[in-house]
Amino acid sequence: MKTKIESSMRFYLLATKLKELIRTGWDDTHWCILGRRESVAEHVYGCLILALAIDANFDLNLNLDKVLKMLALHEIGEVIIGDITPYDGMTKEEKEKKEHEAMEKVIGDVIKKEELYTLLLEFDAKKTKEAKFAHLCDKIEADIQSKIYQDKGRHHSLSEQQNNVAFKNSKVQNMAKEKKEDAFSIWYEMDKELYKDDLLFKTILTYIKENDLNI
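Residues numbered from 1 in each chain as written. Predicted model: local features only at pLDDT ≥ 70, side-chain atom pairs only at ≥ 80, totals over all residues. Heavy atoms only, no water.

Engineer: Is there a simple way to think about the confidence of the model for the protein chain in this case?
Structural biologist: Close inspection of predicted coordinates is inappropriate for parts of the model with low pLDDT. Chain-level pLDDT for the protein chain is 92 on average; 99% of the residues reach the 70-or-more range. Here helix H8 (residues 170-177) is the element of the protein chain with the lowest mean pLDDT, 76, and helix H2 (residues 40-57) is the one with the highest, 98. (pLDDT = per-residue confidence, 0-100. Helix = DSSP H or I, 4+ residues; strand = E, 2+ residues; numbered from the N terminus.)

Engineer: What is the right way to look at the environment of Ile215 in this model?
Structural biologist: Here Ile215 lies in the segment after helix H10 (199-210). For Ile215, a relative accessible area of 96% corresponds to the exposed category. Sequence separation between Ile215 and Tyr45 is 170 residues; the distance between their C-alpha atoms is 18 Å. (Buried < 20%, exposed > 50% of the residue type's maximum accessible area, 1.4 Å probe, protein only.)

Engineer: Sorry, what's going on with the packing of aromatic side chains here?
Structural biologist: When we look at a pair of aromatic rings, we describe it by the centre distance and by the angle of the planes. Taken as a whole and assessed by the stated rule, the structure comprises five aromatic pairs. Measuring from ring centre to ring centre gives 5.1 Å for Trp26 and Trp187, while their planes differ by 20°; the resulting arrangement is stacked. Highlighted residues: Trp26 in the loop between helix H1 (2-15) and H2 and Trp187 in helix H9 (residues 183-191), separated in sequence by 161 residues. For the pair formed by Trp26 and Trp187, the shared burial category is buried. For the ring pair Phe184 and Tyr188, a centre distance of 6.4 Å and an interplane angle of 50° mean the geometry is tilted. Of this pair, Phe184 and Tyr188 both sit in helix H9, separated by four residues, roughly a single helical turn. Both residues of the pair, Phe184 and Tyr188, belong to the buried class. One aromatic cluster in this structure is built from Trp26, Tyr149 and Trp187. Stacked on the ring of Phe184, the Lys or Arg Lys147 has its end atom at 5.9 Å from the ring centre. (Phe/Tyr/Trp six-rings, centres within 6.5 Å; stacked < 30°, edge-to-face > 60°. Lys NZ or Arg CZ within 6 Å of the ring centre and 35° of its normal.)

Engineer: Honestly, the environment of Ile144 in this entry has me stumped. Any pointers?
Structural biologist: Here Ile144 is to be found in helix H7 (residues 129-151). Taking the relative accessible area as the measure of exposure, Ile144 reaches 18% and is therefore buried. Separated by 40 residues in the primary sequence, Ile144 and Phe184 have C-alpha atoms spaced 9.2 Å apart.

In structure tokens form, the structure reads like this:
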């Protein structure tokens, strides 16, 4: 029993370091949100609640237990490698390899390690309906947070983004030249293609855009 408790506590203590890790997308070199920025753990919690909220209203015929496990685990590798954004110069393949190695280290020697690691691989593969749903919850939760920051006046104006590595991206620059009004408008344009084949999430994104989320 002592060994099982030790491995459980090791997993818990490592994984919950995400409470101390600020989401890179909001830091001083990315979108530089004014005031307090959310932690990775808060993002994970947001994904879990979002999945529960959507499932509570729509009959999606999902294995929700699997979805919630995927979302609870999907960022644990960041404890070791940090929160790497698409604007940080690392290829998708390299990032995924580093994440998988880190995830194995965090999970450690718990008895159900193979089950947990397999769920993470399933999430990344995005082939099952649960993995696709969890993936879209993960992506749109970030869009929601961007809109919340926008509605609370915590995004800098586009004219104040000189040190923003995301803003230096060529796609983002083109959008800025098209006179997008604010930071969330760029987030919206960058991410809307992710939801083009899913009517529910596409509609949720439209709702986010058209409504004040500052409640």
